[in-house]
Amino acid sequence: MKQHFQVEGMSCAACQAHVQKAVEGVSGTKKVNVNLLQNTMDVEFDETVCSVTLIEEAVKRAGYGAFVAEEKKTSVPKEEKDHALRDLIVSGVLLLAIMYFSMGNMMWNWPAPAWLDHHSNPMGFALVQFLLLLPILLIYKRYFRSGFTKLVRRSPNMDSLIAVGAAAAIVYGIFALFVISYAQAMLAQIAGGMADASKYDYYHGLIMTYHDSIYFESAGMILTLVSLGKYLEGLSKKRTTDAVARLMDLAPKKAILFENGAEREVPVEEVKVGDILVVKKGASVPVDGVVCEGSASLDQSNITGESIPVLKQEGESVFSSTTVTAGYFKMRATKVGEDTSIAGIIRLVGEASNSKAPISRLADKISGVFVPVVFAIAIVTLIVNFLVGIYARNLDLSASFELAFRFAISVVVIACPCALGLATPVAIMVGTGKGAENGLLIKNAEILEKAHSISTVVLDKTGTITEGKPKVTDLISLSDEDILPVLYSFENKSEHPLALAIVEYAKAQNASLVEVEEFTAVDGRGLEGVVDGVRYAIGNYKVAEDRGIDDSASKAKVESLAREGKTPLIVVKERQIVGIVAIKDSVKETSAAAVAALRKKGIKVVMLTGDNRQTAEAIAREIGVDEVISDVFPADKQRVVNSLKTDGKHLVAMVGDGVNDAPALMSADLGIAMGGGSDVAIDSGDIVLLRKDLMDVLNVISLSKRVLNTIKGGLFWAFFYNAVCVVIATGLLFYPFGISINPMIGSAAMSISSVSVVLNALTINFFKVKKAQAGNAEEKGKPIVLKVKGMMCEHCVKRVHDAALSVEGVKEAEVSLKKKTVTIVAPDGADVEKVIECIQKEGYQAKL
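Quick caveat, the model's predicted, so the values are computed rather than measured. (Residues numbered from 1 in each chain as written. Predicted model: local features only at pLDDT ≥ 70, side-chain atom pairs only at ≥ 80, totals over all residues. Heavy atoms only, no water.)

The helix and strand tally for the protein stands at 30 helices and 28 strands. Carbon and sulfur atoms form 56% of the exposed surface of the protein, whose accessible area is close to 38800 Å². (Helix = DSSP H or I, 4+ residues; strand = E, 2+ residues; numbered from the N terminus. Areas by Shrake-Rupley, 256 points an atom, 1.4 Å probe, with all protein chains shown as cover.)

Below is the structure:
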């Protein structure tokens, strides 16, 4: 069983490590993934041994809270953010007041009342700082409550570092208050002749020493600057979830239900499978379904990444959250609730951002021992510097302890486990969100990390390289018999993609169905059956070879068609070839450019197909792949992928869209499913390309590299910062070079380190996906722009588009409804007047 939890009380990477360790210690847990960024936890466990209650209790014993997300909805209300900002403003004002006295009055003699002046009244000078500090302590008491609680439970975290550092400064300051008070009292007695006057210099020296080392301003600075850092970090974190938030905002909230002849608006949660819904212009499609009446143009950019609206007519599928730009239709709901496309995308992105990349394991291990190690270093720093001050620097006990104490506090407050804990999750969150924005659905962080190591990409042909919409190009009868009814009847019983092309062709030719008996489909060969007592077989040329038929003329014709990139099928009647039908699935316009881009990056591209060698090689020449593997049975695709996997360093990606690609997708190091393919393929893939564009394979690899480099940069900074700053804070460079860090600077540096790691991750938002152009720029002719009058809607756009493409030589036509233009590209030249004539026949006015 897999369960999603919300976790309360985590503030740094050490907290994350403690929660992880606590839950992993529960018997029956299989996999635990704690996300510091979102304060969530995913746990896979054996229900017979473990339970939700046991997990929650384990987290509670570790000093945190956990609950199933559905049981207690939590959010960050606006007022909480306002409280944080308000607290910062109040503490900031109080801190400035403290600094006025501790720095301004003492160092630069800024004016102050005599009873608060550091010369006139040292006790008042120290006491006013303490009183100003008290509200700050009250505002940020949570650091002390959390920090000391975790410390007592032997699971110290960043709050423990802050609490100990601030508390130490406060205790030392209070001790200084008592010393100053005592010294002032003794000076008063000396002045009244009640004490030994020879001790005057001693008591005066005590006052001067301790009123310079009160450290109340350090405690206030630590708490305020750390809180400022956390506030800025929180704002930055929210930006990392912007992509998911935008997706969630797209999910429709209302639907118009058509029931008993009337329309009624209902919450989308009430829609059931089979309900008839009405969708009008400007509205979002509420759930996934099928158009049952009417037609409309839909903006599907949030699902597929394509900005051009798509015309949807009766019988075609529509997806939740897509927007109607023109038209009106009724639809039948087929997927509702969590089963809709947009819900699936949100779920995948959420799961990916919650997952953990292998590169973060070292940081996780360090985070688990980070705080105890820092405390140990701080104690050693205090002892060593105290002894060095006395024996090497000849300082008195008070001066030596003050210096050692300052170094120890600096060590505690400058160490930052947050930077270690945030480096990976924020980059993963931003990366998966950016991918989702551009139609790249990445299912987990491990996939995102290893995608950059892909060295070989295996492409299934049908639906991946090609459009996946094969059409009949040739029908050759080698006898007096009309073979179309037989072809129609056989293929009508088949589920093969090529069968649909033949069925559609037969229907267009008004062919009739005949009864087929003993129908069987032979994997990798074709179809067999009996019509009117005569046995027929339809399939590739292996059908003839299996029957010992030797027809050199037919074989030559089959090979000729195959060299043209077509898929030829023969019709065998008993032991005679009576016909040939050729089918061609057009290569996607962007496939060649995508393959060229992959090869340019040093990635080997292999095409995998069940077609015969000649057909496969013709398509391979057209798109320029490195290697072709043809005549592959569906069951053998997995074996081929496994044979290409040589070691763990050079990974193999499989790209496919069909049910028969699922085993190969699961066997590959990286399975990439094309959006719009079968549900089985999409479920089997590690990545889903919603735009169905091969260039997105390169985009996934590029995004993976960008995210991984960002993670490495964040981790390097986190390790470098902690290693260098902690060393300097110990005072190791103070004696030889005079370099040191005081607690105030330490707390500021710690805050900056966390914020910088988050801001570094946000740079992934600048990643731009590449879009393949149809063909190379050198091959394209100069674009020709025609002005078109009379276009009113997307139906008009489609008519103008189709009219332009109907002219021989025109390879591309881009219609702009807003600009009232059509831009055509004809690499080999085209008759522009013919294009204008065809557009005018559709009822529009066109001119150059």
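Having seen the model, we can carry on.
Structurally, Ala511 can be placed in the loop between helix 18 (497-508) and strand 15 (517-522). Residues Ala511 and Leu484, 27 residues apart in the sequence, show an inter-C-alpha distance of 6.7 Å. Once residues lying within four places of it in the same chain are set aside, the contact partners of Ala511 are Leu484, Tyr488 and Ala506. (Contact = heavy atoms within 4.5 Å.)

A few words on the packing of helix 21 (residues 591-600) against helix 26 (residues 695-729). Helix packing geometry: the angle between the two helix axes and the distance between the axes. Where helix 21 meets helix 26, the closest approach of the two axes is 8 Å, and the angle between their N-to-C directions is 30 degrees. Only Met695, Val697, Leu698 and Ile701 of helix 26 make contact with helix 21, whose side of the interface consists of Ala593, Ala594, Ala597 and Leu598. Looking at side-chain class alone, the contact of helix 21 with helix 26 contains 8 nonpolar, no polar and no charged residues. (Axes fitted to C-alpha atoms, helices over the stretch in contact; angles between N-to-C directions. Nonpolar A, V, L, I, M, F, W, Y, C, P; charged D, E, K, R; others polar.)

Note that an α-helix has 3.6 residues per turn; residues three or four places apart therefore point the same way. With 12 residues, helix 5 (residues 141-152) extends 17 Å between its outermost C-alpha atoms, agreeing within 8% with the 16 Å of an ideal straight helix rising 1.5 Å per residue. If you check which residues of helix 5 are buried, you get Tyr143, Phe144, Ser146, Gly147 and Lys150. Arg154 lies just past helix 5 and shows a positive phi near 60 degrees. (Expected span 1.5 Å × (residues − 1). Buried < 20%, exposed > 50% of the residue type's maximum accessible area, 1.4 Å probe, protein only.)

Before going further, it helps to examine helix 30 (residues 832-841). For helix 30, the full list of buried residues reads Val832, Val835, Ile836, Cys838 and Ile839. Projection of helix 30 onto a plane perpendicular to its axis shows the buried side chains occupying an angular sector of 160 degrees, all on one side. Those residues of helix 30 that are exposed and aimed more than 90 degrees away from the buried face are Glu833 and Lys841. Just downstream of helix 30 lies Gly843, where phi reads positive at about 100 degrees. (Arc of directions from axis to C-beta.)

What follows concerns the sheet that holds strand 27 (residues 821-825). Two pairing modes exist for strands in a sheet, parallel and antiparallel, and in both the strands are linked by backbone hydrogen bonds. Overall, antiparallel pairing links the 4 strands, which are arranged 26-27-25-28 in an open sheet. The open sheet has two edge strands, strand 26 (812-816) and strand 28 (845-847), and neither has a second partner. Put simply, the sheet's adjacent strands are angled 25 degrees from each other on average, direction ignored. By the bridge criterion, 4 bridges tie strand 25 (residues 784-789) to strand 27 in an arrangement that is antiparallel. (Pairing = 2+ DSSP bridges.)

As a further point, take the sheet that holds strand 19 (residues 576-584). Taken in spatial order, the 6 strands make up an open sheet running 14-19-18-17-16-15, and their pairing is antiparallel. Where the open sheet ends on each side, the last strands, each with one partner, are strand 14 (471-477) and strand 15. Going across the sheet, the axis of each strand differs from the next one's by a mean of 15 degrees, ignoring polarity. Where strand 15 meets strand 16 (residues 526-531), 4 bridges bridge the pair, whose relative direction is antiparallel. In the sheet register, Val522 faces strand 16, and the bridge partner there is Gly526. Sitting on the sheet, helix 20 (residues 552-563) touches strand 14, strand 18 (567-573) and strand 19, and the angle it makes with strand 19 is about 5 degrees.

Let us look at a nonpolar patch on the surface. A contiguous nonpolar patch, built from Ile379, Ile383, Leu387 and Tyr391 and spanning about 450 Å² of accessible area, is present on the exposed surface. Inspection of the secondary structure puts Ile383 in helix 12 (residues 361-391). Look at Ile383 and you get partly exposed, because its relative accessible area is 46%. (Patch = residues over 30% accessible without salt bridge, like charges linked within 9 Å, V, L, I, M, F, W, Y side chains within 5 Å. Salt bridge = Lys/Arg side-chain N within 4 Å of Asp/Glu carboxyl O.)

Let's shift gears to the pattern of salt bridges. Counted by the stated rule, this structure contains 16 salt bridges. Measuring nitrogen to oxygen at the nearest pair gives 3.2 Å for the salt bridge that ties Lys573 to Glu481. Here the residue Lys573 occupies a position in strand 18, and Glu481 occupies one in the loop between strand 14 and helix 17 (484-491), the gap between them amounting to 92 residues. A salt bridge links Lys798 to Asp802, with the shortest nitrogen-to-oxygen separation between them at 3.0 Å. With Lys798 and Asp802 both in helix 29 (residues 794-805) and 4 residues apart, this pair spans about one turn of that helix. Owing to a relative accessible area of 40%, Lys798 belongs among the partly exposed residues under this scheme. Within this structure, Asp474, Glu564 and Lys566 form a network of salt bridges that share partners.

It is at 4 Å that the axes of helix 4 (residues 122-139) and helix 5 come closest, and there the two elements cross at 55 degrees. In terms of orientation, helix 4 and helix 5 fall into the oblique class. For the pair helix 4 and helix 5, the contacting residues are Leu137, Leu138 and Ile139 in the first and Lys141, Arg142 and Phe144 in the second. For the contact of helix 4 with helix 5, the per-class residue count stands at 4 nonpolar, no polar and 2 charged. (Parallel < 35°, antiparallel > 145°, perpendicular 65-115°, else oblique.)

Right, let's get into the nonpolar core. Membership of the largest hydrophobic core comes to 152 residues, with the highest contact counts inside it found for Val19, Met41, Leu223 and Val697. Broken down by element, this core gets its largest block of residues, 17 residues, from helix 6 (residues 158-191). With 21 residues, the next largest nonpolar core counts Ala803, Val807, Val810 and Val835 among its residues. (Core = buried A, V, L, I, M, F, W, Y, C linked by side-chain atoms within 4.5 Å.)

On to a positive patch on the surface. On the surface, a cluster of positive charge is contributed by Lys600, Lys601, Lys705 and Lys770. Considering the arrangement of structural elements, one finds Lys600 in helix 21. In this structure Lys600 comes out as exposed when scored by relative accessible area, which is 77%. (Lys, Arg positive; Asp, Glu negative; His and termini not counted. Charge placed at Lys NZ, Arg CZ, Asp CG, Glu CD.)

The side chains of a regular strand alternate, residue by residue, between the two faces of the sheet. Among the 7 residues that make up strand 13 (residues 454-460), 7 are buried, leaving the element largely enclosed by the rest of the structure. The pairing of strand 13 with strand 22 (residues 651-656) spans 5 bridges and is parallel. Paired with Leu459 across the strands is Val655, a residue of strand 22. In this sheet, strand 20 (residues 604-608) lies alongside strand 13 in parallel orientation, the contact comprising 5 bridges.

A few words on the environment of Phe719. Relative to the helices and strands, Phe719 resides in helix 26. The spatial distance from the C-alpha of Phe719 to the C-alpha of Leu420 is 7.3 Å, given a sequence separation of 299 residues.

Note that strand 25 and strand 28 share 3 bridges and pair antiparallel. What sits directly across from Lys787, in strand 28, is Lys847.

This part is about the packing of aromatic side chains. For any pair of aromatic rings, the description consists of the separation of the ring centres together with the inter-plane angle of the planes. Summed over the entire model, instances satisfying the criterion amount to 18 aromatic pairs. Each ring, one from Tyr182 and one from Tyr203, has its centre 5.8 Å from the other, and the planes form 80 degrees; the classification is edge-to-face. Here Tyr182, found in helix 6, pairs with Tyr203, found in helix 7 (residues 200-211); they are 21 residues apart in sequence, far enough to count as distant. Aromatic side chains Trp717 and Tyr721 sit 5.8 Å apart centroid to centroid with 40 degrees between the ring planes, which places their arrangement in the tilted category. Taken together, the positions of Trp717 and Tyr721, both in helix 26 and 4 residues apart, correspond to about one turn of that helix. Given a relative accessible area of 4%, Tyr721 falls into the buried group. Following the ring pairs from residue to residue traces out a cluster consisting of Tyr172, Phe175, Phe386, Phe401 and Phe405. Just above the ring of Tyr143 sits the side chain of Arg142; from NZ or CZ to the centre is 5.1 Å. Geometry around Tyr64 places Lys150 over its ring, the cationic atom sitting 4.5 Å from the centre. (Phe/Tyr/Trp six-rings, centres within 6.5 Å; stacked < 30°, edge-to-face > 60°. Lys NZ or Arg CZ within 6 Å of the ring centre and 35° of its normal.)

Here the focus is the confidence of the model for the protein. Here the protein shows a mean pLDDT of 83. Residues at 70 or above account for 89%. Element-level mean pLDDT values for the protein span from 60 in helix 25 (residues 679-684) up to 94 in strand 7 (residues 276-279). Per-residue pLDDT stays below 50 along residues 71-81; that stretch engages in 10 contacts with residues further than four places along the chain or on separate chains. In this model, residues 774-780 is a region of pLDDT below 50 whose contacts with residues beyond four sequence positions or in other chains number 10 contacts. (pLDDT = per-residue confidence, 0-100.)

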